[in-house]
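# Tertiary structure, described
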Amino acid sequence: MAVRNIYLAGGCFWGLEELLRDQPSVVDTEVGYTGGENDNPTYENHPGHAETVRVSYDDTKTDYPTILDFFFRIHDPTTKNRQGNDVGSSYRSAIFYQNDDELNEAKHLIDVTNKSGLYKDPVVTSLEPFNGFYEAEDYHQDYLRKNPGGYTCHFVRTDKSLL
């Protein structure tokens, strides 16, 4: 097994984690903060950081585009700095790419999503270079498993792949 990580932000990290963790070939998920201005951010102090999910997956069984395809189907990538009731740059839609191949794949998936007709407005997901991941506090990890009735605004908008 060859494990790779992908870093995705799409609103509150609880709902993203819950849906991404059950995808085939995903071996682990963790929630945290990425893309901000300070080291060792916390929930109370994470300026510029997005609530992010680190998705670890077996790249012998799935690939980066397949994970991105699902990501674009479980949150609204057309709302800037907002998902559901959550508003602010912490809740932006973002892909934190680690190399040029990931950047090019992300651009391609944005184009595919725009052409799919799934959303009436254009995708505003930002593509940001990965600059580190800071694990969120323990009470955020696996939140919806610990709190089954907890808040989420994430759901599968279509079972049909965009690819």
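Here, the structure is the one placed above.
Residues numbered from 1 in each chain as written. Predicted model: local features only at pLDDT ≥ 70, side-chain atom pairs only at ≥ 80, totals over all residues. Heavy atoms only, no water.

### Remarks on the pattern of salt bridges
Under the definition given, this model contains 10 salt bridges. The partner of R21 in a salt bridge is E17, and the shortest N-O contact between them spans 3.8 Å. Exposure remark for R21: the relative accessible area of 14% places this residue in the buried category. When the shortest N-O distance is used, the salt bridge between D69 and R73 registers 3.0 Å. (Salt bridge = Lys/Arg side-chain N within 4 Å of Asp/Glu carboxyl O. Buried < 20%, exposed > 50% of the residue type's maximum accessible area, 1.4 Å probe, protein only.)

### Regarding unusual backbone geometry
One non-glycine residue, S25, lies in the positive phi region at around 80 degrees. Tracing the sequence through the fold places S25 in the loop between α1 (13–20) and β2 (26–34). Positive phi, close to 55 degrees, is recorded for N81, a residue that is not glycine. Along the chain, N81 falls in the loop between α2 (64–74) and β4 (82–83). (Helix = DSSP H or I, 4+ residues; strand = E, 2+ residues; numbered from the N terminus.)

### Remarks on the sheet that holds strand β3 (residues 50–58)
The strands that make up a sheet are held in pairs by hydrogen bonds between backbone atoms, and each pair lies either parallel or antiparallel. Read across the sheet, 6 strands follow the order β7-β6-β1-β3-β2-β8 without closing on themselves; strand pairing throughout is mixed. Each edge of the open sheet is held by one strand with a lone partner, namely β7 (126–129) and β8 (134–135). Summarising the sheet, β2 and β8 pair through 2 bridges and their orientation is antiparallel. Its bridge partner being in β8, Y33 is matched across the sheet by Y134. Here α2 sits on the sheet and contacts β1 (3–10), β2, β3 and β6 (93–97); the angle it forms with β1, its principal contact strand, is near 20 degrees. (Pairing = 2+ DSSP bridges. Contact = heavy atoms within 4.5 Å. Axes fitted to C-alpha atoms, helices over the stretch in contact; angles between N-to-C directions.)

Keep in mind that these numbers describe shape and distance, not what the molecule does.
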